[in-house]
Amino acid sequence: MSPYARRGVHGQTVEALARRILGGDIPEGATLDLVALQSELDVSLTALRESLKVLAAKGMVDARQKRGTFVRARADWNLLDADVLRWQFEGGRTTDADRALLHNLAEVRAIIEPAAVRLAAERRTDDDLIALEGALVAMAEEDAGAAHAVEADLAFHRALLAATHNELLERMEMVIESGLAHRDRIVHSSPHSEDPVPAHRAVLDAVRDRDPLAAEAAMRALLDQAGRDLDRIGTTDDTEGARAQ
């Protein structure tokens, strides 16, 4: 699914509003001045209202008689929506809210992926192994850049979910991919992260051997490494920030 910003004026308006809400520029509970927004964003009132319908469907805004259109409480937002997750992490920033969401994502992955990889070990096909091996080969390419490393990692985890041959688990890709991509961009751009290839290779080997217990253990080790990388980078960033002050 392409980002909304690639879908013309309507899509750009959706993303502009979403980023302001998620970034706190338009706070929870705030009533939107549609006339002012229409002028500021230089869009028609129809386009603005259509964009707000998109955000309403994602739980971010609502409209009431006498009150108008307003931002709903964060607890009402559909944080599992792939667009909302992507908007949350967009722009390359890493705020406290981003870090909290990344740690929440890590907990979700710790619940889902070890169980998913057990199924993958039991159900994988030769085509699944080819997809996993291809992603791992791409991951191991040296000097290919952070963007390449991010896409290779995403491809590996997509292939693992696909190897479960469970339609609902495959759709979990939409939940974790945006947050995982943001985490990967942070990690792969840092000199402090561990080499991800051995941990992913261990997962692939266990899936190839149809060993669900070994696959689960390897995935838990991989997720532990991912957590260490993120914690290490966060600590380094805090230290460097303190030195700069």
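Residues numbered from 1 in each chain as written. Predicted model: local features only at pLDDT ≥ 70, side-chain atom pairs only at ≥ 80, totals over all residues. Heavy atoms only, no water.

**Q** Account for the overall build of the protein chain, naming residues and giving values.
**A** The helix and strand tally for the protein chain stands at 11 helices and 2 strands. Among the 245 residues that make up the protein chain, the fraction classed as buried is 43%. For the protein chain, long-range pairs separated by at least 24 residues make up 69% of all intrachain contacts whose partners lie at least 6 apart in sequence. Approximately 12,700 Å² of the protein chain is accessible, and the part contributed by carbon and sulfur atoms is 52%. (Helix = DSSP H or I, 4+ residues; strand = E, 2+ residues; numbered from the N terminus. Buried < 20%, exposed > 50% of the residue type's maximum accessible area, 1.4 Å probe, protein only. Contact = heavy atoms within 4.5 Å. Areas by Shrake-Rupley, 256 points an atom, 1.4 Å probe, with all protein chains shown as cover.)

**Q** Give me the pairing of strand β1 (residues 61-64): which residues, what numbers.
**A** The side chains of a regular strand alternate, residue by residue, between the two faces of the sheet. The sheet contact formed by β1 and strand β2 (residues 68-71) spans 4 bridges and is antiparallel. Residue D62 lies in a different strand from β2, and its bridge partner there is F70. From the end of β1 to the start of β2, which pair antiparallel, there are 3 residues, and K66 there has a positive phi angle of about 75°. (Pairing = 2+ DSSP bridges.)

**Q** Describe the side chain of D128, and please don't skip the residues or the numbers.
**A** Here D128 lies in helix α6 (residues 126-140). Buried charged residue D128 carries no salt bridge. Nearest counter-charge: R124, at 7.3 Å. A distance of 2.7 Å separates a polar atom in the side chain of D128 from a polar atom in the side chain of H165. Beyond its immediate stretch of four places on either side in the chain, D128 contacts R123, A162, A163 and H165. (Lys, Arg positive; Asp, Glu negative; His and termini not counted. Salt bridge = Lys/Arg side-chain N within 4 Å of Asp/Glu carboxyl O. Polar contact = N/O pair within 3.5 Å; in protein donor to acceptor, adjacent residues only side chain to side chain.)

**Q** Can you tell me about the nonpolar core, naming the residues and giving the values?
**A** In terms of nonpolar packing, the biggest core is built from 25 residues, with V117, L132, F156, L160, V203, V207 and M219 touching the most fellow members. Of all the secondary-structure elements, those providing two or more residues to this core are α5 (96-123), α6, α7 (146-163), α10 (197-208) and α11 (212-244). Each residue touching V117, except ones within four places of it in the same chain, is listed here: L160, V203, V207, A215, E216 and M219. Judged by nonpolar contacts, the second largest core, of 23 residues, contains I26, V43, A47 and L55. (Core = buried A, V, L, I, M, F, W, Y, C linked by side-chain atoms within 4.5 Å.)

**Q** Before we move on, could you go through the pattern of salt bridges and cite the residues and values that matter?
**A** Throughout the structure, instances matching the rule amount to 20 salt bridges. For D83, the salt bridge is made with R86, and the minimal N-O distance between the two is 3.5 Å. On the criterion of helical spacing, the pair formed by D83 and R86 is a turn pair, its members being 3 residues apart in helix α4 (residues 82-89). In this structure, R118 and E216 form a salt bridge, with 2.8 Å as the shortest nitrogen-oxygen distance.

**Q** So what's going on with the packing of helix α1 (residues 8-22) against α4? Which residues, and what values?
**A** It is at 9 Å that the axes of α1 and α4 come closest, and there the two elements cross at 65°. Judged by the angle between their axes, α1 and α4 are roughly perpendicular. Relative to α4, α1 is oriented so that their crossing is right-handed. Between α1 and α4, the contacting residues are V14, E15, A18 and L22 on the first element and V84, R86, W87 and Q88 on the second. Here the contact of α1 with α4 is built from residues that sort into 5 nonpolar, 1 polar and 2 charged. (Axes fitted to C-alpha atoms, helices over the stretch in contact; angles between N-to-C directions. Parallel < 35°, antiparallel > 145°, perpendicular 65-115°, else oblique. Left-handed = near helix turned anticlockwise from the far one by under 90°. Nonpolar A, V, L, I, M, F, W, Y, C, P; charged D, E, K, R; others polar.)

**Q** I'd like a rundown of the packing of aromatic side chains, residues and numbers included.
**A** A full pass over the atoms with the stated rule returns 0 aromatic pairs. Its guanidinium or amino end placed over the ring of F70, R67 lies 3.7 Å from that ring's centre, counting from NZ or CZ. (Phe/Tyr/Trp six-rings, centres within 6.5 Å; stacked < 30°, edge-to-face > 60°. Lys NZ or Arg CZ within 6 Å of the ring centre and 35° of its normal.)

**Q** How would you sum up empty space enclosed by the protein? Please name residues and give values.
**A** All chains considered together, the criterion is met by 2 cavities of 30 Å³ or more. Of the volumes computed, that of the second largest cavity is approximately 40 Å³. Forming the boundary of the second largest cavity are L154, H157, R158, L161, E173, I176, E177 and L180. Counting residues per element, the ones that place at least two in the lining of the second largest cavity are α7 and α9 (173-188). Residue composition of the lining of the second largest cavity, grouped by class: 4 nonpolar, 1 polar and 3 charged. (1 Å grid on protein atoms, 1.4 Å probe; cavity = no way out; pocket = protein on both sides within 12 Å on 5 of 7 lines; lining within 4 Å. Points joined across faces, edges and corners; volume = space filled by probe spheres on them.)

**Q** Describe unusual backbone geometry, listing the residues and the values that go with them.
**A** The phi torsion at D42 lies on the positive side, around 55°, for a residue other than glycine. Taking relative accessible area as the criterion, D42 reaches 69% and is therefore assigned exposed. Residue R210 is not a glycine yet carries a positive backbone phi of 55°.

**Q** Go over the confidence of the model for the protein chain with me, naming the residues and quoting the values.
**A** Chain-level statistics for the protein chain give a pLDDT mean of 85 and a share of 85% at 70 or above. Scored below 50 in pLDDT, residues 236-245 makes 3 contacts in the model with residues more than four places away or belonging to other chains. (pLDDT = per-residue confidence, 0-100.)

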